[in-house]
Amino acid sequence: QVQLVESGGGLVQAGGSLRLSCVASGRTFSDYGMAWFRQAPGKEREFVAAVLWTGRSTMYADSVKGRFTISRDNAKNTVYLQMNSLKPEDTAVYYCATGPGIYSRNADRYTYWGQGTQVTVSS
């Protein structure tokens, strides 16, 4: 059993920054890929960013590339999402996800999910 807990969401004005954290527990995760997804009301859950367990390979959705940075600290079983230059359209519940050997843009590939943290960007 794997548990993921996100934190760091909140209210921010357009152009501001937030840093999300996701802490994993239940076992070691150095061989697990980790990813961030987001879901706004009435919209499908969409891919945001992913990082391989080595931390040396990352990928981003086109909508956030250049603004968001994903990283991980395997010693802390934690993945981060640094979000800069936030826009109102970034408003959503952000979820972290993981799975054994998974490094994908497809939400269906991930088997473990956090509870989500709300990010609201005002204009």
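See the structure printed just above.
Residues numbered from 1 in each chain as written. Predicted model: local features only at pLDDT ≥ 70, side-chain atom pairs only at ≥ 80, totals over all residues. Heavy atoms only, no water.

Here we look at the pairing of strand E8 (residues 78-83)
When you tally the buried positions in E8, you get five out of six residues, the bulk of the element. Bridge analysis of strand E3 (residues 18-25) against E8 gives six bridges, and the strand direction is antiparallel. Across the sheet, residue Val23 finds its bridge partner in E8, namely Thr78. (Buried < 20%, exposed > 50% of the residue type's maximum accessible area, 1.4 Å probe, protein only. Helix = DSSP H or I, 4+ residues; strand = E, 2+ residues; numbered from the N terminus. Pairing = 2+ DSSP bridges.)

A short note on the state of the cysteines
Summed over the entire model, instances satisfying the criterion amount to one disulfide. Across the disulfide, Cys22 is cross-linked to Cys96 (sulfur-sulfur distance 1.9 Å). Its S-S torsion of approximately 50 degrees makes the covalent link between Cys22 and Cys96 right-handed. Of this pair, Cys22 sits in strand E3 while Cys96 sits in strand E9 (residues 92-100), and the two are 74 residues apart along the sequence. By relative accessible area, Cys96 is classed as buried at 1%. (Disulfide = S-S within 2.5 Å.)

Description of the environment of Gly15
Looking at the secondary structure, you find Gly15 in the loop between strand E2 (10-13) and E3. Accessibility expressed as a relative area gives 52% for Gly15, which makes it exposed. Expressed as a C-alpha distance, the spacing of Gly15 and Lys87, which sit 72 residues apart in the sequence, is 6.4 Å. Contacts of Gly15, omitting those with residues within four sequence positions, involve Ser85 and Leu86. (Contact = heavy atoms within 4.5 Å.)

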